[in-house]
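# Coordinates in review
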2 protein chains.
Amino acid sequence: MTNPAEVLSNLPVAYDDIVAAAARLTGTAHLTPVLTSRTVDEQTRHQVFFKCENFQRTGSFKFRGAFNAMSQLSPEQRQGGVLTYSSGNHAQAIALSGKLLEIPTTIIMPKDAPTVKQAATRGYGAEVILYDRAEATREGLARQLAAERNATVIPPFDYAPVVAGQGTTAKELIEAVGSLDVLLVCCGGGGLLSGCAIAVRELAPHCRVIGVEPEKGDDVTRSFYTKTLQSVHNPDTIADGARTAAPGNLTFPLILEYVDEMLTVSDQALLRAMFFLWERLKIVVEPTGALATAALLEGLLPQTEARIGVVVSGGNVDLSQIGQYSASHFG
Amino acid sequence: MTNPAEVLSNLPVAYDDIVAAAARLTGTAHLTPVLTSRTVDEQTRHQVFFKCENFQRTGSFKFRGAFNAMSQLSPEQRQGGVLTYSSGNHAQAIALSGKLLEIPTTIIMPKDAPTVKQAATRGYGAEVILYDRAEATREGLARQLAAERNATVIPPFDYAPVVAGQGTTAKELIEAVGSLDVLLVCCGGGGLLSGCAIAVRELAPHCRVIGVEPEKGDDVTRSFYTKTLQSVHNPDTIADGARTAAPGNLTFPLILEYVDEMLTVSDQALLRAMFFLWERLKIVVEPTGALATAALLEGLLPQTEARIGVVVSGGNVDLSQIGQYSASHFG
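Only a predicted model underlies this, so the values are computations on that prediction, with no experimental measurement involved.

What counts as what
- Residues numbered from 1 in each chain as written.
- Chains lettered and ligands numbered in written order.
- Predicted model: local features only at pLDDT ≥ 70, side-chain atom pairs only at ≥ 80, totals over all residues.
- Heavy atoms only, no water.
- Pairing = 2+ DSSP bridges.
- Helix = DSSP H or I, 4+ residues; strand = E, 2+ residues; numbered from the N terminus.
- Contact = heavy atoms within 4.5 Å.
- Axes fitted to C-alpha atoms, helices over the stretch in contact; angles between N-to-C directions.
- Salt bridge = Lys/Arg side-chain N within 4 Å of Asp/Glu carboxyl O.
- Buried < 20%, exposed > 50% of the residue type's maximum accessible area, 1.4 Å probe, protein only.
- Domains from an automatic or database assignment.
- Buried area = accessible area lost by both parts, 1.4 Å probe.
- Parallel < 35°, antiparallel > 145°, perpendicular 65-115°, else oblique.
- Left-handed = near helix turned anticlockwise from the far one by under 90°.
- Nonpolar A, V, L, I, M, F, W, Y, C, P; charged D, E, K, R; others polar.
- Least-squares fit on C-alpha atoms with pLDDT ≥ 70 in both.

### Some details on the sheet that holds strand S8 (residues 208–214) of chain B
Through backbone hydrogen bonds, the strands of a sheet pair up, either in parallel or in antiparallel fashion. All names here are of chain B. Judged by pairing direction, the sheet is mixed, and its six strands sit side by side in the order S1-S2-S10-S7-S8-S9 without closing on themselves. Since the sheet does not close on itself, it has two edges, and those belong to strand S1 (34–35) and strand S9 (261–265), each with one partner. Where strand S7 (residues 182–186) meets strand S10 (residues 307–312), three bridges bridge the pair, whose relative direction is parallel. Within S10, the residue paired with Leu184 across the bridge is Val310. Each of S7, S8, S9 and S10 is contacted by helix H10 (residues 191–203), which is oriented at about 160 degrees to S7, the strand it contacts most.

As C-alpha cells, then:
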C-alpha cells in the first residue's frame, strides 16, 4: 500500500506554496470582496458566499498566478523577459505583472483575437505578436521565440507557481467567511480549481470541492471520472476561458487528488447565471466567470442547507458583444 | 437684511432630519461600498470616490427615502396603506419598505411600464394599478385613490422625509472617506441632490455640490440659473430616472440654497460613462445612475487636483434592452 503522505509529497504544489504566494501578493493583488445576496440565499436555501475575482486587478484571478510566478524569477530571467500565449485574461495578467515588476513581456495571440483584448494587453506595456492559427501552434511559436530571446515561458495554467497563486483565492475566501461545506470553482485547464482544492483541503478539510465546466468543453470532467486524460477539440462554448483542450500534466494529478466532483452546465444555463449576477448582484461577470454560479442556480447540488462558496472568476466581457448575449438569452 | 439662520429655519429639511433618517435606516438599508479605481484617478488626475447606491436594497438610493418616510407613519396611517406613482426605482423602494414594515402598498404605473418593472414591484408584495397616460394623470389618480382608501401618498421626491432619507447617502460617503472638494450628484426631481447638499453643507462646508442632469431634461439646471421654476415636457433621454418635468416645490428652494452648480451631459456621454463603469469597475449601473460619472469623465470639472465624490445612484438596467444601448454606443 502506498503511503498517502508520500503520494502528496510527489505532487508539484503543496499548501505551503499557496501561503508563500499569498505573502508575495499582499499589497499588490486586491483582497477581493465577498458578496452575499438575500435573493440567492432564499432561492437556493443555502448560505452563499461569492468570492468576486472580477474585481481583481486586470479583471480576473489570473493576476494572482502570473504575479506569483514572475516575482520568483532570478535577475537573469527577468532580464530575458517573460513570454506567454493567451488571448484572454492570462495575457493581461502577465502584462500588468511585467509592468509592476519591470520585466519585459511578450504575448503571442492569434490574429483573430478581439482588438479590444490586444489593446488592453498593449495598454499594460506588453509586446503583442500575432500569429495565424492555420500556420503555427502557439506552443511551438512560444518555444521558438523564447529560445531566440532567452525568455522564460509562463503558461496559463500548467505551471506550479501559477497554480499556487490561483490557490490564494480559496485561502482568502475561507479566511474571510470561515469554513464551508462546498466550494464551486470554474474549470478551464484546472489551474484555479487545483490551487483552490489544495487550499481547501488544508483550511476546511470536510468541504467538498466541485469543479464546473461548460458542457461542450467537458475534457476535465471526462478525464476526472475515467481517471485518464481526455481532450476536446476547439470546444464551441461561450465560456471562452474554458475552451482548453485538456487538463494539464501538472493540474490533472492535482485534480484527481484534491477535487471531489466535477459538474457541467450548458451555455444557456451560463447566460442565465451571468445575467442573474448582473441583474441581482449588480456585478459585471464574463460567461466563464459565471460557471460556478450556474451550477448553483441550476440546482445541481444536494438540497441540504449548506454554506457554499462560489468563485466568480472574471469580469472581462467584450461589451460590444453583449447585444448577442442579450439576444441569445432574452430572445 | 434677512438673517441667514432664519432663512434656513424656514426650509423644510435640515441636517438633523438626515441624522434622524440615518438612525432609522441603520441595520435595514445597506451601508453601500465606496469604490476607487486606479484607472479613473490616473485618467482624471483627481482622487475619486464612487458611492455605489446600485448595491443598495432594491438597486438604488430610493430605498433610503421610502423607508425613512414610511417608518414615520402613525399606526392609523400604516393601516390605510401607502400609495405612490412611479414606474421606476421609487416603486420598488416603496414596495420593499412596505413589506419590511408590514404596510400595504399600491403603486400606480402607466400601462406601458416595462413588464419586468411591474413584476419586480409585485414581487415585493405591492399592488400595481395600471393607467392609461392618455386618459389620466398619475397625480390625479393617486389623489382620488388615496382618498377612497384613506391611504397616504408618498411621492418620489417632493416630500421632506424622502429628501432627508436620500441625504444619508452623502453623510455615509463623507463619514467613510473624509472631507471632499467636490460632490457630483445626479438630478431628476432633486430629492437626492438636495438631501446630499444639506448633508455636505454640515459635514464638509467647503465642498462644492454639483448636480448633473441629462441635456434633454435640463429643467433643474435652467431653473437653478434663472432662479425661476422651469419645466420640460416629456424629455427624450435614456436617463429614465431623470425625466421629471420640473424641480419640486420643496426641492427647488433647497437646491437654490445648498447646491453650488448644475451641469448637463449628453445621452452619448451618459452611455460612455455607463459602459466605462461596467468595463472598468465591473459594476452594473443604469443610465441615470451614470450621470455624475459622465460629468467627471467628460472633463467638465476644473483641472486642479481634487478629492471628488461621485454618487452612482442605481443599477436597475432592463438587461433585455442592453443590445440597444450597446448598438448605440459601440455602433
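Back to the write-up after that little detour.
### Quick word on the pattern of salt bridges
All names here are of chain A. Considering all chains together, one arrives at 24 salt bridges over all chains under this definition. The partner of Lys51 in a salt bridge is Glu172, with the nearest N and O atoms 2.6 Å apart. With Lys51 in strand S2 (residues 47–52) and Glu172 in helix H9 (residues 160–177), this residue pair connects regions lying 121 residues apart in the sequence. Judged on exposure class, the residue Lys51 and its partner Glu172 are both buried. Put simply, Lys51, Glu53, Arg64 and Glu172 are held in one network by salt bridges that share partners.

### Comments concerning the domain arrangement of chain A
All names here are of chain A. If you check the domain split of chain A, you get domain 1 (4–59 + 159–330) and domain 2 (63–153). Each side of the interface is counted separately: domain 1 has 25 residues, and domain 2 has 19 residues. Both sides of the domain 1 and domain 2 interface together cover about 1700 Å² of buried area, and 54% of this is carbon and sulfur. Of all residues in domain 1, Arg24, Arg57 and Thr58 give up the largest surface area on contact with domain 2, accounting jointly for 33% of the area buried on that side. Linking domain 1 with domain 2 are three salt bridges.

### Concerning the packing of helix H11 (residues 219–226) of chain B against helix H12 (residues 251–258) of chain B
In a pair of packed helices, the angle between the axes and the distance between the axes together describe the arrangement. Residues and elements named next belong to chain B. Where H11 meets H12, the axes come as close as 10 Å, and the angle between the chain directions of the two elements is 60 degrees. One finds that H11 runs oblique with respect to H12. Handedness of the crossing formed by H11 with H12: right-handed. Residues Val220, Ser223 and Phe224 of H11 form the contact with H12, whose own contacting residues are Phe252, Ile255 and Leu256. A class-by-class count of the residues in the contact of H11 with H12 yields five nonpolar, one polar and no charged.

### Structural notes on the relation of the copies chain A and chain B
In screw terms, the move from chain A to chain B is a rotation of 180 degrees and a rise of 0.0 Å along the axis, fitting with an RMSD of 0.0 Å. Such a combination of rotation and displacement between the chain copies is what one expects of a two-fold axis. Considering only C-alpha atoms, the residue of chain A closest to the rotation axis is Gly323 of chain A, which sits at 1.8 Å. With an isologous cut-off of 70% or more, the 100% of interface residues of chain A that recur at the interface of chain B puts this contact in the isologous class.

### Thoughts on unusual backbone geometry
All names here are of chain B. You will see that Glu102, though not glycine, has its phi angle at about 55 degrees, which is positive. By secondary structure assignment, the location of Glu102 is in the loop between helix H6 (89–101) and strand S4 (105–110). Accessibility expressed as a relative area gives 72% for Glu102, which makes it exposed. Here the phi dihedral of Asn150 falls at roughly 60 degrees; this positive angle occurs in a residue that is not glycine. Within the secondary structure layout, Asn150 lies in the loop between helix H8 (138–149) and strand S6 (152–153). On the basis of relative accessible area, Asn150 is assigned to the exposed category, the value being 60%.

### Thoughts on the packing of helix H2 (residues 15–25) of chain B against helix H4 (residues 62–70) of chain B
Residue and element names in this part refer to chain B. Direction vectors running N to C along H2 and H4 enclose 95 degrees, while the axes themselves pass 9 Å from each other. By the angle class used here, H2 and H4 are roughly perpendicular. Along its contact with H2, which presents Ala21, Arg24 and Leu25, the element H4 presents Arg64, Phe67 and Asn68. Its residues placed into classes, the contact of H2 with H4 shows three nonpolar, one polar and two charged.

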